[in-house]
Amino acid sequence: MQEFDIIVIGGGSGGSAAAGRLAEDGKRTVCLLETGGSNDTVRVKTPGFMPFIPRGSNYRFETVPQAGLKGRTGYQPRGRGLGGSSAINAMVYIRGNQWDYDNWAELGCTGWSYEDVLPYFRRSEDNERGANDFHGGKGPLHVSDQRWPNPGSRAFVESAAALQLPVNDDFNGAKQSGFGLYQVTQYKGERWSAARAYVEPLRGKPNFSIRTGTLVEKLVIEDGRVTGVQVMSGRGRETLRARGGVIVSAGAFGSPQVLMLSGIGPAAHLKEHGIEVVADVPAVGSDLQDHPDYVSSWETASTDFFGSSLAGTWRMVRAIAEHRRRRTGIMTTPFAEAGGFWTVMPDSPAPDVQWHFVPAMLENHGREKVKGHGFSLHACVLRPESRGTVRLGSALPSDAPVIDPNFLDDDRDMAVLRAGVRLSHRIVESPPLSDYAPKDRYPIDLNDDDALDDLIRSRADTVYHPVGTCRMGGDADSVVDPTLKARSVDGLWVADASIMPRLVSGNTNAPSIMIGERCADFVKAAL
Ligand SMILES: Cc1cc2nc3c(=O)[nH]c(=O)nc-3n(C[C@H](O)[C@H](O)[C@H](O)COP(=O)(O)OP(=O)(O)OC[C@H]3O[C@@H](n4cnc5c(N)ncnc54)[C@H](O)[C@@H]3O)c2cc1C
């Protein structure tokens, strides 16, 4: 039986950072287990191929029918393979608001205030603008400016400015609010996933075993201590032992699934599936929070924007050739090129809406082709009040979990989204974006609350940031304590987006990486 000091389950954002940091000094043996492949393909590494990510790199989950979305099922893409969701995401580099982390600390997560987490964000980062009080310049995660943004993305920022919404050229600096172009997790024109940052540079190190194509079926728990994992791979079923402990980094859906399959979760639910209960922990799979998002969309006569036409196709063919040769040009697009943060509710402690401007007409998460050219503007609720769940669909580890984000269940979320969408339209109606004479693809009377609510509930969905399903807390009911150690058994840590007690006000890749970095330190200190 193979034995390691530490086993990390899941090679995504949190798991790559945790495994890489634990392996780099050579002092312990580390095994990283990932069910997907290596993701070492042109379609993953080329930013502009995001709509063509290989099927095997995305779980393509669906939610249960959502009452708040008129009974529609939502789409939940999740990355599979090294890099996890950072291998399929939009590469936007955002940490959230300083208030988020101070709030975590206030909720009982001692040691997670903004002042506490900032050094870890800085340590992870290599920002091409260089280091300063807020940014790192020597970390493994490359952060770049966009060199070939669409002219429409710049126009978006100017249109916001025309409404006196300030320009912000660093959302991760002193102040988050404002509008601007996003910095991206790219390096030399390619996607820079968490695996490329933390795992690939260590490939071949004798103390670091990277096993792809390996599904973790459950934890092995003996006398209240996690001593290993049961896995299934091309080699068949086997048990791997972990002398020091196991870190679960299977993501906001995968981590609660692994815990529940191992007997850690809501007892009654586990019994329904014939799973022996090791610890009754109702918080596992509960507290699911995700950013509900509405995408407004406009058609233009201008072919400046990405789109399907002869001119558009010809431009893309040339762009692909340019990118293959030099890694430059418009194939470096993260699609979500510009955006911003603003407060729409007077009592909000921090910006409550985030915008993503995409220089293309998006329909159904980019899965439906739209003829012609145009642009889209996402508005999402940054701190939703609605709470959902992740549960087992069956006791089979290969089955998808049952995902219920319970979107727009809370009226406060609806109120924020309504205000956000109205501001989306005001921005687009301001010059210079208005100079494109954009044609609204879903025209309604925006002043009519009922009509707007109906449109939102008919078309809203996730902007891909599920968290909270293995919540960290200072309370006995939380899944992990503020050192990310499980409260229910020994030898177990969780390090990914699932531990967030509250969803951060922004995209979740950099925060998940920060969580992985911190977990490595906690585990080193504990062993
Ligand atoms: C389409 C999309 C766009 C996004 N855009 C952005 C963006 O622009 N900026 C941003 O900051 N964030 C973005 N996000 C969100 C961000 O990428 C994620 O929040 C983050 O990557 C989550 O990290 P994680 O470690 O929690 O999980 P993941 O990165 O999802 O990693 C989990 C890993 O565990 C593996 N795994 C699961 N179960 C098992 C098992 N049983 N055995 C073995 N392995 C297992 C999975 O295959 C996966 O590789 C986006 C996400 C998506 C899906």
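Keep in mind that this is a model prediction, so the values were computed, not measured. (Residues numbered from 1 in each chain as written. Predicted model: local features only at pLDDT ≥ 70, side-chain atom pairs only at ≥ 80, totals over all residues. Heavy atoms only, no water.)

**Some words on the confidence of the model for the protein**
Keep this limit in mind: Here pLDDT means the predictor's own confidence in every residue, given as a number from 0 to 100.
The predicted model of the protein has a mean per-residue pLDDT of 98, with 100% of residues at 70 or higher. Model confidence for the complex is summarised by a pTM of 0.99, with the ipTM given as 1.00.

**Re the UniProt feature "domain: Glucose-methanol-choline oxidoreductase N-terminal" (unreviewed entry) in the protein**
Applicable threshold: UniProt positions are given in the numbering used here, feature names are shortened, and annotations may be inferred rather than shown by experiment. Comment: elements are numbered from the N terminus, with helices defined as DSSP H or I runs of at least four residues and strands as E runs of at least two.
What UniProt calls "domain: Glucose-methanol-choline oxidoreductase N-terminal" (unreviewed entry) maps, in this numbering, to residues 79–102 and 251–265. Taken as a whole, residues 79–102 contains 21% helix and 0% strand, while its terminal C-alpha atoms sit 29 Å from one another. The distance from the first to the last C-alpha atom of residues 251–265 is 16 Å, and the span holds 73% helix and 13% strand.

**Here's the deal with the layout of surface pockets**
Put simply, the rule is: As defined here, a cavity is a set of points on a 1 Å grid over the protein atoms alone where a 1.4 Å probe fits but cannot get out. A pocket is an open set with protein on both sides within 12 Å along at least five of seven lines, and residues line them when an atom is within 4 Å of a point. Grid points are joined across faces, edges and corners, and a volume is the space filled by probe spheres set on the points. Here the term charged refers only to Asp, Glu, Lys and Arg, the term nonpolar to Ala, Val, Leu, Ile, Met, Phe, Trp, Tyr, Cys and Pro, and the term polar to all other amino acids, Gly among them.
Here the second largest pocket defines a volume of roughly 430 Å³. Per-class residue counts for the lining of the second largest pocket are nine nonpolar, three polar and nine charged.

**As for unusual backbone geometry**
For clarity, the cut-off: Buried residues are those whose accessible area, probed at 1.4 Å on protein chains only, stays under 20% of the maximum for their type, while exposed residues exceed 50% and partly exposed ones sit between those limits.
Omega for the peptide link from proline 431 to proline 432 comes to 5 degrees, which places this bond in the cis form. The residue proline 432 is located in the loop between helix 10 (411–428) and strand 23 (439–440) in this model. The phi dihedral of asparagine 39 falls on the positive side, at around 60 degrees, and the residue is not glycine. Tracing the chain through its elements places asparagine 39 in the loop between strand 2 (30–33) and helix 2 (42–45). Of note, the phi angle at tyrosine 464 is positive, near 80 degrees, even though the residue is not glycine. Of note, tyrosine 464 is situated in the loop between strand 24 (461–462) and strand 25 (492–494). Judged by its relative accessible area of 29%, tyrosine 464 falls in the partly exposed class.

**Here we look at the packing of helix 3 (residues 98–106) against helix 4 (residues 114–124)**
Filter applied, for reference: Each axis is a line fitted through C-alpha atoms, and for a helix only the stretch in contact is used; angles between axes span 0 to 180 degrees, taken between their N-to-C directions. What sets the label is the angle itself: under 35 degrees gives roughly parallel, over 145 gives roughly antiparallel, 65 to 115 gives roughly perpendicular, and the rest give oblique. Contact between two residues is taken to exist if any of their heavy atoms lie within 4.5 Å; hydrogens are not considered.
Running from N to C, helix 3 and helix 4 point in directions that differ by 125 degrees, and their axes come no closer than 8 Å. Accordingly, the angle class assigned to the pair helix 3 and helix 4 is oblique. For the pair helix 3 and helix 4, contact is made by Gln98, Tyr101 and Asp102 and by Tyr114, Val117 and Phe121, respectively. Split by residue class, the contact of helix 3 with helix 4 holds four nonpolar, one polar and one charged.

**Brief notes about the environment of lysine 70**
To be explicit about the condition: Here a polar contact means two N or O atoms within 3.5 Å. Within protein one must be a hydrogen donor candidate and the other an acceptor candidate, and residues neighboring in sequence count only if both atoms are side-chain atoms.
You can see lysine 70 is positioned in the loop between strand 3 (61–62) and strand 4 (75–76). When sequence neighbours within four positions are dropped, the list of residues in contact with lysine 70 reads Asp454, Arg457 and Ser458. Here serine 458 takes part through its side chain, which lies 3.2 Å from a polar atom of the side chain of lysine 70.

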